[in-house]
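This is what each chain is made of:
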Amino acid sequence: MNHGTRWALCSFENSPEDHIAKLSEKYLGMPFWEGMGASRMGEGDLQRAMVWVNEHYTFIRAEDESPTIDWVLEKAKAAVMRYGIHGLVLDPY
């Protein structure tokens, strides 16, 4: 949040929607879901968080194929060119 770093996130067990909810919680410091003790983020909060997530994260997904490490690295190279990413998160590989 402090440095404007852009990330590619490659996750095979969690959907981009799950990651967006978690990243939004971190960015706003408030829960996405009900029952977490603090007041839940509102629609305006979520929209603001989603703008931030879209500016700092891109998601690498393998829908119909079995990815290899070379496949992931090729997608990451494309993300560097298209989105200017600075880092890659593999969760889990």
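In the block above lies the structure referred to throughout.
Cut-off values and rules
- Residues numbered from 1 in each chain as written.
- Predicted model: local features only at pLDDT ≥ 70, side-chain atom pairs only at ≥ 80, totals over all residues.
- Heavy atoms only, no water.
- Pairing = 2+ DSSP bridges.
- Helix = DSSP H or I, 4+ residues; strand = E, 2+ residues; numbered from the N terminus.
- Axes fitted to C-alpha atoms, helices over the stretch in contact; angles between N-to-C directions.
- Contact = heavy atoms within 4.5 Å.
- Core = buried A, V, L, I, M, F, W, Y, C linked by side-chain atoms within 4.5 Å.
- Buried < 20%, exposed > 50% of the residue type's maximum accessible area, 1.4 Å probe, protein only.
- Phe/Tyr/Trp six-rings, centres within 6.5 Å; stacked < 30°, edge-to-face > 60°.
- Lys NZ or Arg CZ within 6 Å of the ring centre and 35° of its normal.

Draft legend 1. The arrangement of the sheet that holds strand β3 (residues 87-91) in detail. Reading across the sheet, the 3 strands line up as β2-β1-β3 and stay open at both edges, with parallel pairing between neighbours. Single-partner strands in this sheet number two, and they are β2 (57-60) and β3. Adjacent strand axes in the sheet meet at a mean angle of 25° when their direction is disregarded. Where strand β1 (residues 7-11) and β2 come together, 4 bridges link them in parallel fashion. Paired with L9 across the strands is F59, a residue of β2. Packed on one face of the sheet, helix α1 (residues 16-28) meets β1, β2 and β3 and runs near 155° to β2. Sheet strands in contact with helix α3 (residues 69-83) are β1, β2 and β3, and its direction is about 150° off that of β2.

Draft legend 2. Just the nonpolar core, in detail. A8, C10, I60, A62, W71, V72, A76, A79 and I85 form the largest nonpolar core, which has 9 residues in total. Counting residues per element, the ones that place at least two in this core are β1 and α3. Of the residues forming this core, the biggest block, 4 residues, is contributed by α3. Counting residues in hydrophobic clusters, the runner-up holds 6 residues, among them L9, I20, L23 and Y57.

Draft legend 3. Main features of the environment of D70. Within the secondary structure layout, D70 lies in helix α3. It is 18 Å that separates the C-alpha atoms of D70 and R82, two residues lying 12 residues apart in sequence.

Draft legend 4. Main features of the packing of aromatic side chains. Across all of its chains, the model carries 3 aromatic pairs by this definition. An angle of 15° between the planes, with centres 4.6 Å apart, marks the rings of Y27 and W52 as stacked. Taken as a pair, Y27 in helix α1 and W52 in helix α2 (residues 43-56) lie far apart in primary sequence, 25 residues in all. Looking at W52, the relative accessible area reads 11%, which means it is buried. Looking at R40, its charged tip hangs above the ring of F32, at a distance of 5.8 Å from the centre.

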